[in-house]
Amino acid sequence: MTRERGRNLILGAAIGIALAMLGLTISPSNGEETAPPVDPATLSGQALVDWRIGEMKRIGGMMGAIKRWDGNAASLGDLATAAEALRAAAGTIPAMFPENSGIGAEGVTKSRALPVIWEKWEDFVQDTNDLENAAAASAAAIATGDAEAIKASVQGIITACQGCHETFRGPEIQ
Ligand code: HEC
């Protein structure tokens, strides 16, 4: 009885985690097409990098939606959706960077991912946490509707992006 209950609890937790993972792949409702979720484990070499860069651009788009806010209270709902999508997307970044998928890796011809990512993996993951927290702070600011607080929170997100790029992203590729 007790054991069965325990098993059910574990099963429930597993389903919860699976649902949470699915949720992480949901795109913001900013009118853009929702691409089918891709499991990075099925990709390698340049195909993985190209997909990753696309995902990063999508993350950039979520931030752009918040950054470009015109101060109109009517669009606060969309803004909240973008902030939540960004918060969720931050947690998907580590899985985009499997080992040997950066500069110099086999099959990778064009990437800005520095090898230091895998040397300082915990710092890298911490930077994704920082982004997650910044996006959560932005969602909280959006919920207040306070324009100044929202602007400040956008700056927090930019700082989080830059913090990681400074250490872990190499120079631009022509
Ligand atoms: C935890 C580290 C990390 C965080 C946080 C992060 N990035 Fe990145 N980003 C990278 C790395 C590394 C690359 C290079 C990937 C590659 O080329 O393989 C990259 C690539 C990109 C690219 C692709 C274009 C290019 O020239 O590299 C864009 C756009 C981008 N990031 C935007 C953002 C934005 C906007 C944020 C914040 C909302 C952000 N990133 C947060 C690490 C991060």
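Structural data are supplied above this passage.
Calculation criteria
- All residue numbers refer to positions counted from 1 along the written sequence of the respective chain.
- In keeping with the model being predicted, local features are shown solely for residues with a pLDDT of at least 70 and side-chain atom pairs are shown and tallied solely at 80 or more, while totals for entire chains, interfaces and linings include all residues.
- For side-chain calculations, the full set of non-hydrogen atoms in the structure is used, while hydrogens and water are omitted.
- Note that water is not among the atoms considered, so a metal site may appear incomplete; the donors listed are N, O and S atoms within 2.8 Å of the metal, with 3.2 Å applied to Na, K and Ca.
- Helix and strand labels come from DSSP, where a helix needs a run of H or I of at least four residues and a strand needs a run of E of at least two; each type is numbered from the N terminus.
- Salt bridges are defined as contacts in which a side-chain nitrogen from Lys or Arg sits within 4 Å of a carboxyl oxygen from Asp or Glu.
- Relative accessibility under 20% of the residue-type maximum defines a buried residue, over 50% an exposed one, and the middle range a partly exposed one, all with a 1.4 Å probe and only protein chains included.
- What makes a residue near a molecule or strand is one non-hydrogen atom of that residue sitting within 4 Å of it.
- Pairs of N or O atoms are called polar contacts if they sit within 3.5 Å, as long as, within protein, a hydrogen donor faces a hydrogen acceptor (for residues adjacent in sequence, only side-chain-to-side-chain pairs).
- Any residue that is not Ala, Val, Leu, Ile, Met, Phe, Trp, Tyr, Cys, Pro, Asp, Glu, Lys or Arg is counted as polar, Gly included; the first ten are nonpolar and the last four charged.

Asker: An account of the coordination of the iron atom of the ligand is requested, with residue identities and associated values reported.
Answerer: With respect to protein ligation, the iron atom of the ligand binds only His165 (NE2), at 2.1 Å. Looking at the secondary structure, you find His165 in helix H7 (residues 147-168).

Asker: Please set out the pattern of salt bridges residue by residue, giving values where relevant.
Answerer: Per the stated rule, a full pass over the model turns up four salt bridges. Its salt-bridge partner being Glu84, residue Arg87 comes within 2.8 Å of it at the nearest N-O pair. One end of the pair is Arg87 and the other is Glu84, both in helix H3 (residues 76-90) and three residues apart, which spans about a single turn. Residue classification places Glu84 among the partly exposed residues on the basis of a relative accessible area of 37%. Residues Glu148 and Lys151 are paired through a salt bridge, measuring 3.5 Å at the closest nitrogen-oxygen approach. One end of the pair, Glu148, and the other, Lys151, are both in helix H7, three residues apart, so they sit about a helical turn from each other. Note on Lys151: relative accessible area 55%, which makes it exposed. Taken together, the shared-partner salt bridges in this structure form one network comprising Glu84, Arg87 and Glu132.

Asker: Explain the site of the ligand to me, and be specific about the residues and the numbers.
Answerer: Taken together, 22 residues lie around the ligand, and Ser111, Arg112, Cys161, Cys164 and His165 are the ones closest in. The contact in question runs from a nitrogen atom of the ligand to an N or O atom on the side chain of His165, over 2.8 Å. Listing elements by their share of the shell around the ligand, those giving two or more residues are helix H2 (45-67), helix H6 (121-144) and H7. The element that contributes the greatest number of residues to the shell around the ligand is H2, accounting for seven residues. Here the residues of the shell around the ligand sort into 13 nonpolar, four polar and five charged.

Asker: Which residues make up unusual backbone geometry, and what values do they have?
Answerer: Even without a glycine there, the phi angle at Asn100 is positive, about 60°. When you line up the elements, Asn100 lands in the loop between helix H4 (93-96) and helix H5 (116-119). Asn100 sits in the exposed class, given a relative accessible area of 66%.

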